[in-house]
Amino acid sequence: MKKALRIILVWTLISLLLQFGAYSFLNNQVQKVIAPTVASEPITLQIKATIPSSSLTNVQISYAKDYLAYMEDGTLKIFNLTKGTVVFEKKSPSVNDPTYGVLSYQWLPDRNTLLYFYAKKNPDPVTYVTVYPPKSTAQTPIEDPATVEPKTEDPNQKTVTEVPKVVPKEVPVEPHVEKRYGNPQITELYTLELPNSDEDIAPDDRFNQTIDNFPAGGKIEAWVVSTSTNLMYLTVKNEATELLMEIDVMKNVRTLSKSGETIDNMAASDRYGTLYLDSKVGATRQVIALDGTKRQIISKNSNDRILGIRDGNVYIGEVENNQLIKIKTTSDLATLTDEPSLKTEWEGTIPFDDNVRTLIGAKGQMIVYDHQTAYIVTAGQLAQVKLHGDENYVSVDGAELIQLTKQGSSTLAELQPLKS
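First, a word on scope: everything that follows refers to the structure included in this document. (Residues numbered from 1 in each chain as written. Predicted model: local features only at pLDDT ≥ 70, side-chain atom pairs only at ≥ 80, totals over all residues. Heavy atoms only, no water.)

Turning our attention to the layout of surface pockets. Taken as a whole, the second largest pocket encloses approximately 150 Å³ of empty space. Around the second largest pocket sit E41, P42, T44, A362, K363, Q365, D397, G398, A399, P417 and L418, which together line it. When its residues are assigned to classes, the lining of the second largest pocket shows five nonpolar, three polar and three charged. (1 Å grid on protein atoms, 1.4 Å probe; cavity = no way out; pocket = protein on both sides within 12 Å on 5 of 7 lines; lining within 4 Å. Points joined across faces, edges and corners; volume = space filled by probe spheres on them. Nonpolar A, V, L, I, M, F, W, Y, C, P; charged D, E, K, R; others polar.)

Below you can see the structure in the form of structure tokens.
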């Protein structure tokens, strides 16, 4: 009997261990899909490839540095750098209207996935709806036998005048047709999944949702994504208005901007989804943190600008006369207070006008660059790097330099690590 019990206990223990191992394996696989692991060191490659175009704009490199996204004559194209071929195109539905087609796009920072907005003309901006109003009633005399005095032929009895009771009667009202005006533009969000660059698999282009309240003719001025919280923020501007829009994982869209507010730049916390932005209302310019509809003032200094966020630090630059003169930081916290303390990380002079781009590298380096020069501040030290392409771009992790040189009707793309 004891031997049988021991055997049962042993096999029960083995079964539990096997189940635990299986559950752990499944959990790890699910986590890889939901939150892909980001490499501790940024991926860098050294590649030369010839792109069959000489008019590339808005060049962006993928997370793994093996795909380039760019616009060419109103068409979004994805170029496989390792194979030297265009693997995806998204054309505009109109050759004459530049407000249609791909409005903006952005690679996710932790996988080879491109998000993009696409606009097209609404074929039915005006619809006709039959409206059935509620039935009305009219006061119509109707004789109700239960309420009429009984007649009599007794001459001694007074004559009673019969007054019919007024009973409401339903009178039908005819339905009518009304015009309903919708958005003349349909704006859609897509997700483009790219396979490994050495695989012969077509990209997966998936429709996500329609943004119904996207203003017609609107241009996306800025767009940031918080991957860990699945929040997206975008500023949209047309001739009539400027909006700050938030899109969450449940596909809810809401407007967060104040009336008359102008937003110059913004960055999203990858930890909490908090949005930091340069806000201007009238003559008042401030750096604001936005958590849902709750606003906190980070800096009232009208010269301060949000530069970016990385590893729990919010980077703020002080700009005077088109020169970046100071870089300051504050902690990216779950709960914020007005005007937190700002720590000065660097002081000096870097050209800072509308032509420069800024980013915070994976190692905390501040990079300010145009097509000729990159200024890199690392641990309080400034380095200057001359760039040699006709056009030059830096990956969002600050690790890769993309140099583009025109060669007749094509463009030579050279990829190499960005070193200060």
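Next comes the rest of the account.
A word on the sheet that holds strand β3 (residues 67–72). A sheet is described by the order of its strands in space; here four strands give the open sequence β2-β3-β4-β5, paired in antiparallel fashion. Either end of the sheet is taken by a strand with one partner, and the two such strands are β2 (57–61) and β5 (85–90). Strand-to-strand twist across the sheet, computed as the mean angle between neighbouring axes with direction ignored, equals 20 degrees. (Pairing = 2+ DSSP bridges. Helix = DSSP H or I, 4+ residues; strand = E, 2+ residues; numbered from the N terminus. Axes fitted to C-alpha atoms, helices over the stretch in contact; angles between N-to-C directions.)

Next up on the list: the pairing of strand β16 (residues 242–247). Of all six residues that make up β16, six are buried, and the element is covered over most of its length. Burial along β16 is two-sided: the face carrying E242, L244 and E246 and the face carrying L243, M245 and I247 are both buried. Between strand β15 (residues 231–237) and β16, which follow one another and run antiparallel, lie four residues. Both β16 and strand β17 (residues 253–255) contribute to a ladder of three bridges, which runs antiparallel. Its bridge partner being in β17, I247 is matched across the sheet by V253. (Buried < 20%, exposed > 50% of the residue type's maximum accessible area, 1.4 Å probe, protein only.)

Our next topic: the packing of aromatic side chains. Evaluated as defined, the whole model comprises five aromatic pairs. Each ring, one from F88 and one from Y116, has its centre 6.5 Å from the other, and the planes form 50 degrees; the classification is tilted. Here the residue F88 occupies a position in strand β5, and Y116 occupies one in strand β7 (residues 113–121), the gap between them amounting to 28 residues. When the ring of Y190 is compared with that of F207, the centres are 5.7 Å apart and the planes differ by 70 degrees; the resulting orientation is edge-to-face. Of this pair, Y190 sits in strand β12 (residues 185–193) while F207 sits in strand β13 (residues 204–210), placing them 17 residues apart in sequence. The exposure class assigned to Y190 is buried, which follows from its relative accessible area of 11%. One cation-aromatic arrangement involves K90 over Y118; the distance from NZ or CZ to the ring centre is 4.9 Å. (Phe/Tyr/Trp six-rings, centres within 6.5 Å; stacked < 30°, edge-to-face > 60°. Lys NZ or Arg CZ within 6 Å of the ring centre and 35° of its normal.)

Pairing in this open sheet of four strands is antiparallel, and the strands run β6-β7-β12-β13 from one edge to the other. Two strands bound the open sheet, and with one partner strand each, they are β6 (101–107) and β13. The mean inter-strand angle of the sheet, taken between neighbouring strand axes irrespective of direction, is 25 degrees.

Core analysis: the biggest nonpolar cluster contains 25 residues, and L68 and L81 have the highest contact counts within it. For this core, the secondary-structure elements that each account for two or more residues are β1 (47–51), β2, β3, β27 (366–369), β28 (373–378), β30 (391–394), β31 (400–407) and β32 (410–417). Sequence-distant contacts of L68, that is, excluding residues within four places in its chain, are made with I51, V59, Q60, I61, K77, I78, F79, L81, I402 and A413. (Core = buried A, V, L, I, M, F, W, Y, C linked by side-chain atoms within 4.5 Å. Contact = heavy atoms within 4.5 Å.)

This part covers the side chain of D110. With respect to the element layout, D110 can be found in the loop between β6 and β7. Using a relative accessible area of 10% as the deciding quantity, one classes D110 as buried. At 2.8 Å, the side chain of D110 and the side chain of R111 are in polar contact. (Polar contact = N/O pair within 3.5 Å; in protein donor to acceptor, adjacent residues only side chain to side chain.)

Together, V126, Y128, V177 and Y181 give the surface a local cluster of nonpolar side chains, amounting to about 460 Å² of exposed area. At the level of secondary structure, the elements contributing two or more residues to the nonpolar patch comprise β8 (126–131) and β11 (176–181). Residue position: Y181 is located in strand β11. By relative accessible area, which is 62% here, Y181 ends up exposed. (Patch = residues over 30% accessible without salt bridge, like charges linked within 9 Å, V, L, I, M, F, W, Y side chains within 5 Å. Areas by Shrake-Rupley, 256 points an atom, 1.4 Å probe, with all protein chains shown as cover. Salt bridge = Lys/Arg side-chain N within 4 Å of Asp/Glu carboxyl O.)

These figures capture arrangement, not role.
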